[in-house]
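Residues per chain are reported as follows:
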Amino acid sequence: MPIDIELVENHLTIPMPESDRLIFDDSRRITGPGMIWNRRGALVDILVEDLDKSDVVTAWQTEIARVLHALGWQDSETNFRIFENGVTLLISAPTDLLYSAVFVIETSWHLTAHKLLGSASEDFDKLVADLRAVIALEENPALIKLQQAADAKAIDILSDDDFVSLGHGRGSQVWGVNELPNPDDVDWDRLHNLPVALITGTNGKSTSVRLATAIGEAAGLMSGSTSTDYVKLGDDILDYGDYSGPGGARMLLRDRRLEIAFLETARGGILRRGLPLFQARAALVTNIAADHLGQYGVNTVEALAQAKFAVARAVSQDGVLVLNADDPLVVANGLGFERSKCWFSLDADNGLVEAARAAGEACCWVDDEAICYYDGNDVVLQIATEDIPITMGGNARFNVQNAMGAIGLAKAMGIANEAILKGLTQFSASPDDNPGRCNEFDVRGARIFVDFAHNPHAIAAMSSLLEKLPARRKYLLISHAGDRSDEEIADLTKGAVGFHPDIVVIAELADYLRGRALGDVPALIEKQCLASGVAAAAIRHAASPSAGVADILGNIGAGDVALILALADRDRVFELIRAAQH
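Residues numbered from 1 in each chain as written. Predicted model: local features only at pLDDT ≥ 70, side-chain atom pairs only at ≥ 80, totals over all residues. Heavy atoms only, no water.

Participant: What should I look at first to understand the overall build of the protein in this one?
Facilitator: What the protein contains, in helices and strands, is 19 helices and 24 strands. In terms of C-alpha radius of gyration, the protein reaches 26 Å, essentially the compact-globule figure of 25 Å for 582 residues. Based on the C-alpha atoms only, the size of the protein along its principal axes is roughly 80 × 55 × 45 Å. For the protein, with 582 residues in total, the buried portion stands at 57%. Considering only contacts within the protein whose residues lie at least 6 apart along the sequence, 67% involve residues at least 24 apart. (Helix = DSSP H or I, 4+ residues; strand = E, 2+ residues; numbered from the N terminus. Rg over C-alpha atoms; globule rule 2.2 N^0.38 Å. Buried < 20%, exposed > 50% of the residue type's maximum accessible area, 1.4 Å probe, protein only. Contact = heavy atoms within 4.5 Å.)

Participant: What should I look at first to understand the nonpolar core in this one?
Facilitator: Side chains of a nonpolar character, in soluble globular proteins, are inclined to be buried together. Grouped together as the largest cluster of nonpolar side chains are 40 residues, with contacts concentrated most on F262, I371, L409, I420 and L424. Counting residues per element, this core draws most heavily on helix α13 (residues 397-412), which supplies 8 residues. Setting aside chain neighbours within four positions, we find F262 in contact with A197, I199, V209, A212, T213, G224, S225, T226 and M413. (Core = buried A, V, L, I, M, F, W, Y, C linked by side-chain atoms within 4.5 Å.)

Participant: Would you mind showing me how to read the side chain of T385 here?
Facilitator: By secondary structure assignment, the location of T385 is in the loop between β18 (379-384) and α13. The exposure class of T385 is buried, given its relative accessible area of 2%. Not counting chain neighbours up to four residues away, the residues in contact with T385 comprise E369, A370, I371, T391, G394 and V400.

Participant: Help me understand the sheet that holds strand β24 (residues 561-565), please; the structure alone is not making it clear to me.
Facilitator: Sheet strands pair via backbone hydrogen bonds, and the direction of the pair is either parallel or antiparallel. Taken together, 6 strands build an open sheet; the order of strands is β19-β20-β24-β21-β22-β23 and the sheet is mixed. This sheet does not close on itself; its edge strands, each paired only once, are β19 (439-443) and β23 (539-542). Across the sheet, the axes of successive neighbouring strands diverge by a mean angle of 20°, strand direction being ignored. Helix-sheet contacts for helix α15 (residues 456-467) involve β20 (446-451), β21 (474-478) and β24, and the interaxial angle to β24 is about 170°. (Pairing = 2+ DSSP bridges. Axes fitted to C-alpha atoms, helices over the stretch in contact; angles between N-to-C directions.)

Participant: Which parts of the structure should I look at to understand the packing of α15 against helix α16 (residues 486-496)?
Facilitator: A pair of packed helices is characterised by two quantities: the angle between their axes and the separation of those axes. Two numbers describe how α15 lies on α16: the axes approach to 7 Å, and their chain directions differ by 15°. Taken together, α15 and α16 sit at an angle that is classed as roughly parallel. The handedness of the crossing between α15 and α16 is right-handed. Counting all contacts with α15, which are made through P456, I459, A460 and S463, the residues of α16 involved are D491, L492, G495 and A496. Along the lines of polarity and charge, the residues of the contact of α15 with α16 split into 5 nonpolar, 2 polar and 1 charged. (Parallel < 35°, antiparallel > 145°, perpendicular 65-115°, else oblique. Left-handed = near helix turned anticlockwise from the far one by under 90°. Nonpolar A, V, L, I, M, F, W, Y, C, P; charged D, E, K, R; others polar.)

Participant: Would you mind going over a negative patch on the surface with me for this structure?
Facilitator: A cluster of acidic residues, D326, D347, D349, E354, D367 and D368, forms a negative patch on the protein surface. Relative to the elements of secondary structure, D326 occurs in the loop between β14 (315-324) and α11 (328-334). Residue class for D326 comes out partly exposed when judged on its relative accessible area of 31%. (Patch = residues over 30% accessible without salt bridge, like charges linked within 9 Å, V, L, I, M, F, W, Y side chains within 5 Å. Areas by Shrake-Rupley, 256 points an atom, 1.4 Å probe, with all protein chains shown as cover. Salt bridge = Lys/Arg side-chain N within 4 Å of Asp/Glu carboxyl O. Lys, Arg positive; Asp, Glu negative; His and termini not counted. Charge placed at Lys NZ, Arg CZ, Asp CG, Glu CD.)

Participant: Explain the pattern of salt bridges to me, please; I cannot follow it from the model alone.
Facilitator: A full pass over the atoms with the stated rule returns 22 salt bridges. E369 is paired through a salt bridge with R397; the nearest N and O atoms lie 3.0 Å apart. Residue E369 is located in the loop between β16 (363-367) and β17 (370-374), and its partner R397 is located in helix α13; the two are separated by 28 residues in the primary sequence. The class of E369 is partly exposed, set by a relative accessible area of 38%. On the basis of relative accessibility, which here comes to 24%, the residue R397 falls in the partly exposed class. A salt bridge links D483 to R514; the shortest N-O distance between them is 3.0 Å. With D483 in the loop between β21 and α16 and R514 in the loop between β22 (503-507) and α17 (520-531), the pair connects residues that are 31 residues apart, well separated along the chain. Connected through salt bridges with shared partners, the residues D26, R28 and D45 form a single ionic network.

Participant: Can you help me understand the sheet that holds strand β4 (residues 86-92) in this one?
Facilitator: Spatial strand order, β1-β2-β4-β3: 4 strands in an open sheet with antiparallel pairing. The sheet is open, and its two edges are formed by β1 (22-30) and β3 (78-83), each paired on a single side. The sheet shows a mean angle of 15° between the axes of neighbouring strands, taken without regard to direction. For β1 and strand β2 (residues 41-48), the ladder comprises 8 bridges, and the chain directions are antiparallel. When the sheet's bridge partners are listed, I23 is paired in β2 with L47. Seen against the sheet, helix α3 (residues 98-117) touches β1, β2 and β4 and runs at an angle of roughly 160° to β1.

Participant: Help me out: how do you make sense of the confidence of the model for the protein in this one?
Facilitator: Detailed reading of predicted coordinates is not advised where the pLDDT is low. In this model, the protein carries a mean pLDDT of 92, and residues with pLDDT of at least 70 account for 98%. The element-level mean pLDDT for the protein is lowest in helix α1 (residues 5-11), coming to 55, with β17 highest at 98. (pLDDT = per-residue confidence, 0-100.)

Participant: So what exactly am I meant to see when it comes to the packing of aromatic side chains here?
Facilitator: Aromatic ring pairs are described here by two measures, namely the spacing of the ring centres and the angle between the planes. Per the stated rule, a full pass over the model turns up 5 aromatic pairs. Between F452 and F574 the ring centres are 6.4 Å apart and the planes differ by 45°, which places this aromatic pair in the tilted class. Here F574 lies in helix α19 (residues 570-580) and F452 lies in the loop between β20 and α15, a separation of 122 residues in the sequence. Exposure class is identical for F452 and F574. Each is buried. For the cation-ring pair, R66 lies above F124, with the distance from its terminal atom to the ring centre recorded as 4.0 Å. (Phe/Tyr/Trp six-rings, centres within 6.5 Å; stacked < 30°, edge-to-face > 60°. Lys NZ or Arg CZ within 6 Å of the ring centre and 35° of its normal.)

Participant: It is not clear to me how the pairing of strand β9 (residues 223-226) should be interpreted in this structure. Could you clarify?
Facilitator: Here is the key point about a regular strand: its side chains alternate between the two faces of the sheet. Alternating positions in β9 separate into two faces, S223 and S225 on one and G224 and T226 on the other, with burial throughout. For β9 and strand β12 (residues 260-264), the ladder comprises 4 bridges, and the chain directions are parallel. Counted as the bridge partner of S225 is F262 from β12. Direction of pairing for β9 relative to strand β10 (residues 230-233): antiparallel, over a ladder of 3 bridges. By the bridge assignment, S225 is partnered in β10 with K232. The hairpin formed by β9 and β10 contains 3 residues between the paired strands.

Next comes the structure, spelled out in structure tokens:
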């Protein structure tokens, strides 16, 4: 039966010793492949100060072995990761006992911490007895039988607190977690996995998801997607919100109308819960750059790359990894996975692309401003970059890369060339097709670009694009949330002013102060603007992004160019710009 968390928490609490040397940071259940391995289970993150981290791991391995032996969990495996200021400890567990696994690993850490600190722990036999009581509340033998049968047939099983499903979309069936059938009573012939792609990276995820979905629709397939904006199936929005984690994937993959799926897979979902499935047809890694570091023990861009590459663990044995050969961290991590790969590059002479062609493997490159896809035998698809609207005549190189990634996914998922070309040429940079990603508007002869870019890499890419455009005057609207460090705000601002704007409007984000006082972030932005050579007289301030946009719209004229980095008031920003067009 599904576990009653409130009942369990009232029944079982595992106290952790208070110490600055060993800080219990977090515990969580993992429902699919993750950063470290491809098993379901549970983990804890521990911050370690003035102790050897290897000694901490060794002590824990002794205690977790005691606990697992006492419970009879002989099949449970253990793992660990040492990072700059701590350790992550993991155990595997059956699908029906993931909450219990959290209590098991917390108990093992309780014993380990007291041992290392030389203090008295709770009675071992009582702790084990409490764990057995929790396990008895959660056990669901019917789920295990169903999973074993599904695994034997290579059919994905998706489970959560309320439902269990087999297969994907049109090939799926869903049951309540307390109403599971005997495997012999399941109509296995009608169940199957669909072509599903996982899309991750630091930038370009949402654009790649939407472009690939448009290609699926051009092929006449009922195409679905998840993203940080919504879960969408065909023309229907199933729900709005950040659905770049497992919850959105399950919502989409259980819809019987679905025929092909493209799932945005963000760092947070990977680290919190793992991936939503074990059988993907393809995965795309767009790029790796510093963003959201310092959470879940991911403190470096190298560790972030390892987290993103969890998607490779979910690619089926006959699936394809689509990888950016121009990104050093994508290359370093991609080479380590034994899956078929489709490397893509802006450079026809890229070494990985040349090696793939020589080996008769799929790859994609740009030659004389045309994207070429090689299927292992011949170039079977070509399209001029200027014919792909989101590349803005080929000038938006980041979207040239996104187009190549989408082509690689589409070919891996069996979509015909004609449909790929149709999808590429019909998908635009409009707010309807790709909201908040390089959206261009014409206002009284001025070109206005709206983008939700929020990290240095993405902002610098937008700035580089605008630097190439002829302009009478250039405008920039910029703002940042308060949870960024002073250094991060400086780096973001430095990238934004790289196209040498004549006027910079700095907007306050009153709803995103996140511990800072009003005016703090705008002051940091202004300081960096001045350091980057922006004249003091060229800097203006606005109470909100929409107020800043109104200021720019009141002054902009024919031949001008504006970059609106809209991190808030997005709907109002679009409304103001559209109103100014009439």
